[in-house]
Amino acid sequence: MKISIIHPSRGRPEMARATASNWNLKANHICEFDYILSLDNDDLKLSEYQQRFNSFGCTIVIGNNKNVVDAMNAGSKIAQGEILVCISDDFDCEPGWDEFIISQLDPEKE
């Protein structure tokens, strides 16, 4: 099972990068997951996002978004996971968040 994390952001590249790192560090990596950063094409800090995320190994989608819902939908369109996790720049997670999600969806669990 694969999880797609969809993270729209605007104007806060440092905070977005810290959030992305946190989610990666707290994952138990029991399944594959992809990280999709969804940005607005008119964001004044677009180049700073690209610099900060260049080595992170995520997918960056840039669109003509009118609001956060548009940005979330743009990320969802390219997501490869069966499970979509939608976060924001200030979302935190518990250690082992990926294992917990998978355990809650286990068809054998009652």
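Residues numbered from 1 in each chain as written. Predicted model: local features only at pLDDT ≥ 70, side-chain atom pairs only at ≥ 80, totals over all residues. Heavy atoms only, no water.

Turning to the sheet that holds strand β3 (residues 59-63), a few remarks are in order. If you walk across this open sheet you meet the four strands as β3-β2-β1-β4, and the pairing is parallel. In this open sheet, the two strands that pair with only one neighbour each are β3 and β4 (83-86). Within this sheet the neighbouring strands show an average axis-to-axis angle of 25°, counted without direction. Looking at chain direction, strand β2 (residues 32-40) and β3 are connected through five bridges and run parallel. Bridge assignment links Asp40 to a residue of β3, and that residue is Gly63. On top of the sheet, helix α1 (residues 13-26) reaches β1 (2-8), β2 and β4; it is set at about 170° to β2, its chief contact. (Pairing = 2+ DSSP bridges. Helix = DSSP H or I, 4+ residues; strand = E, 2+ residues; numbered from the N terminus. Axes fitted to C-alpha atoms, helices over the stretch in contact; angles between N-to-C directions. Contact = heavy atoms within 4.5 Å.)

A word on the pattern of salt bridges. Taken as a whole, this structure holds seven salt bridges when the rule is applied. A salt bridge links Arg10 to Asp40; the nearest nitrogen and oxygen atoms lie 2.8 Å apart. Of the two residues, Arg10 sits in the loop between β1 and α1 while Asp40 sits in strand β2, which places them 30 residues apart along the sequence. As a salt-bridge pair, Asp92 and Lys26 come within 3.1 Å of each other at their nearest N and O atoms. One end of the pair, Asp92, is in the loop between β4 and α4 (97-104); the other, Lys26, is in helix α1, and 66 residues separate them in sequence. One continuous salt-bridge network, built from bridges that share partners, spans Arg10, Asp40 and Asp42. (Salt bridge = Lys/Arg side-chain N within 4 Å of Asp/Glu carboxyl O.)

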